[in-house]
Amino acid sequence: MRAKFESTTPFLLQLCFVLMVWIMLGSVFLLDEAGRQEKERQEWEAYRADSLVTLLFAGDVMGHTPQYETAFNRETGEYDYSDCFQFVEPYIQEVDFACANLEVTLGGPPYAGYPCFSSPDALMLEVQKIGFDFLFTANNHVLDRGKYGVERTIMMLDSVGMPHAGSYVDSLSCDTTYPVIMDVRGLKVGFINATYGTNGLKEKAPNVVNRLDTVQMARDLQRLEEMGADLKVAVLHWGNEYELKGNKRQLQCAQSLVNHGADLIIGGHPHVVQNADTVFNASEEPVVLYYSMGNFISNQQRLETRGGIMVRVTANRFTGHVVATEYIPYYVFIGSIHGKFQYYVIPSVPYLRGDYDFRLPKSDSLMLLNVYNSISGRLSNFEQSQE
């Protein structure tokens, strides 16, 4: 047995040596691979910081009666919406430019919810505070407080330096400020904004509300081109409420706008998340079309109205081309978190992943999951953010 042991010893030593070499080589390879990946990450971040611009679009900012009643602080006598958006604020803060649809008037007291909205100024101020840079006002509730509501809303937006588009005091202000171009880190982003209607109300002279008129919108897109816009975005208030899919008329309208130069189309009004499409322009280049992002915040109770998405768009600031889009799903929870009852906009993915230090009631967790799955199914052909 001793002789046999001695005869196998060199072989075992050789085997150990080979294994040690393989381990060393593997370690070197792994280190090199980690270094390569880190270098690629740094190069991507440098490229992104220098060449790419991020935009974020959010849906309908609504103000039903229970919302402003909940926001009212009896001790201070003021309205406080600061808790509502705390979980989505990081997404808004991290982009270069964020915008949303203001689907209320700032018509002053007495405040009112549906059917004729007038919300406290604090709602708009909180939207601005969390990082929104631009608000759209062409929607079916823009005339809810008549001429005074239109003009006071514009006055309040202007008073705090919040750029906006969609409704105007008169044709002169419309002609001189619309369509609008915003400079986003050197990228000239042009916006047009229009609504299908105003709930049967007619604006009083000299007020102006942009309407869905494909001929006029084609002119507006042409004007943006002449003004030097690098990226032309159409933000439209359209479609049928609560339907989960865009319709043929919307697609025809979108195709017309794309034919006249629109580079991106973002929609709202149905209060639910609808599907999304890719429309091709005359050069056979794809243009992303999101029919409806749903509510950003509201008191609507139907399951699908409790969910919504934000759309994050990445564009090359030198060419104006959209290089990526992704959607961020969320759920509007009406209840208490850490003992505070409020309306909370909660991103779905991190909640389902267990990132937060709270859990919703079982019924709401189930609704969040159900509406998340429903949205994911409708948008399965588009990228979803995992942040």
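(A) Fine view of the overall build of the protein. Of regular secondary structure, the protein possesses ten helices and 18 strands. In terms of principal-axis extent, the alpha carbons of the protein reach across some 110 × 55 × 40 Å. Burial analysis of the protein (387 residues in total) assigns 51% to the buried set. For the protein, the share of sequence-separated contacts (at least 6 apart) that also reach a separation of at least 24 residues comes to 72%. Within the structure as shown, the protein displays about 18200 Å² of accessible surface, and the carbon and sulfur contribution to it stands at 56%. If you average the places of the 31 positive and of the 46 negative side-chain charges in the protein, the two averages end up 4 Å apart.

(B) The environment of N101, seen in detail. With respect to the helices and strands, the residue N101 is situated in strand β4 (residues 97–102). Note on N101: relative accessible area 9%, which makes it buried. Other than its neighbours up to four places away in sequence, N101 contacts A58, G59, D60, V61, F136, N139 and H237. Here E103 takes part through its side chain, which lies 3.2 Å from a polar atom of the side chain of N101.

(C) Up close: the pattern of salt bridges. What the rule picks out here adds up to 14 salt bridges. Notably, a salt bridge pairs E203 with R211, separated by 2.4 Å at the nearest N-O pair. Since its relative accessible area comes to 13%, E203 is described here as buried. Linking E304 and R378 is a salt bridge whose minimum nitrogen-to-oxygen distance equals 3.2 Å. Pair noted here: E304 is in the loop between β15 (295–297) and β16 (307–316) and R378 is in helix α10 (residues 362–378), with a separation of 74 residues, a long-range link. The class for E304 is buried, based on a relative accessible area of 17%. Owing to a relative accessible area of 15%, R378 belongs among the buried residues under this scheme.

(D) Just the sheet that holds strand β14 (residues 286–290), in detail. Pairing is mixed in the open sheet, where six strands are placed in the order β8-β9-β11-β12-β14-β13. Edge positions in the sheet fall to β8 (180–184) and β13 (276–280), since each of these pairs with one other strand and no more. Taken over all neighbouring pairs, the strand axes of this sheet differ in orientation by 25 degrees on average, direction set aside. Here β8 runs beside strand β9 (residues 187–195); their pairing, made up of five bridges, is antiparallel. Note that in β9 the partner of V184 across the bridge is L187. Contacting β8, β9 and β11 (231–237), helix α7 (residues 214–227) runs over the sheet at an angle of about 165 degrees to β9. Sheet strands in contact with helix α8 (residues 248–259) are β11, β12 (264–268), β13 and β14, and its direction is about 40 degrees off that of β13.

(E) Spotlight on helix α4 (residues 121–129). Within α4, burial applies to D121, L123, M124, E126 and V127. Looking at the packing, one finds that the buried side of α4 touches β1 (52–61), β5 (134–136) and α5 (146–159). Just downstream of α4 lies G131, where phi reads positive at about 125 degrees.

(F) Looking closely at the pairing of β8. Only one face of β8 is covered, namely the face carrying V180, M182 and V184; the face carrying I181 and D183 is uncovered. The hairpin formed by β8 and β9 contains two residues between the paired strands, and R185 there has a positive phi angle of roughly 50 degrees.

(G) Representation of unusual backbone geometry. Geometrically, the link from Y178 to P179 is a cis peptide bond, its omega value of -5 degrees lying close to zero. Counting through the fold element by element, P179 comes out in the loop between α6 (171–177) and β8. For the bond running from A205 to P206, omega is 10 degrees, close enough to zero to count as cis. Position of P206 among the secondary structure elements: in the loop between β9 and β10 (208–209). Positive phi outside glycine occurs at Y242, with the angle close to 70 degrees. The partly exposed category is assigned to Y242, whose relative accessible area is 27%. Backbone geometry at E284 places phi at a positive 65 degrees, although glycine is not the residue there. With respect to the helices and strands, E284 occurs in the loop between β13 and β14.

(H) Representation of the confidence of the model for the protein. Here the protein averages 94 in pLDDT, while 95% of its residues score no lower than 70. Below pLDDT 50 for its whole length, residues 1–7 participates in zero contacts with residues either more than four positions away or in separate chains.

(I) Spotlight on the packing of aromatic side chains. As enumerated under the stated definition, the model contains 21 aromatic pairs in all. Between F87 and Y356, the aromatic rings sit 5.3 Å apart at their centres with planes inclined by 55 degrees, giving tilted as the arrangement. Taken as a pair, F87 in the loop between β3 (78–79) and α3 (89–93) and Y356 in the loop between α9 (348–353) and α10 lie far apart in primary sequence, 269 residues in all. The exposure class of F87 is buried, given its relative accessible area of 13%. A centroid spacing of 6.4 Å and a plane angle of 25 degrees characterise the contact between F333 and Y344, whose relative ring orientation is stacked. Taken together, the positions of F333 in strand β17 (residues 322–337) and Y344 in strand β18 (residues 340–347) put the pair eleven residues apart, joining distant regions of the chain. For the pair F333 and Y344, one class covers both residues: buried.

Criteria and cut-off values
Numbers given to residues run from 1 along each chain, matching the order in which its sequence is written. Given that the model is predicted, a residue must reach a pLDDT of at least 70 before its local features are reported, and side-chain atom pairs must reach 80 or more before they are shown or counted; all residues, however, enter totals for whole chains, interfaces and linings. Side-chain measures were taken over the full set of non-hydrogen atoms in the model, leaving aside hydrogen atoms and water. In this description a helix means any DSSP run of H or I spanning at least four residues, a strand means any run of E spanning at least two, and both kinds are numbered starting from the N terminus. Any residue under 20% of the maximum accessible area for its type is buried, any over 50% is exposed, and the rest in between are partly exposed; the area is computed with a 1.4 Å probe on protein chains only. Residues are treated as being in contact if the distance between any of their heavy atoms lies within 4.5 Å. Note on areas: Shrake-Rupley, 1.4 Å probe, and residue coverage restricted to the protein chains presented here. Lys and Arg are tallied as positive, Asp and Glu as negative. Neither His nor the chain termini are counted. The location of each charge is read from NZ of Lys, CZ of Arg, CG of Asp or CD of Glu. Polar contact criterion, stated in full: a pair of N or O atoms within 3.5 Å, where within protein one must be able to donate a hydrogen and the other to accept it, and residues adjacent in sequence count only if both atoms are side-chain atoms. Salt bridge, as used here, is a side-chain nitrogen of Lys or Arg placed within 4 Å of a carboxyl oxygen of Asp or Glu. At least two bridges found by DSSP between two strands are what make those strands a pair. To obtain each axis, a line is fitted to C-alpha atoms, and for helices this fit is confined to the stretch in contact; angles are then taken between N-to-C directions over 0 to 180 degrees. Residue-level confidence of the predictor is what pLDDT reports, using numbers from 0 through 100. Here a Phe, Tyr or Trp ring, Trp counted by its six-membered ring, pairs with any other such ring whose centre lies within 6.5 Å, and the pair is stacked when the planes are under 30 degrees apart, edge-to-face when over 60, and tilted otherwise.

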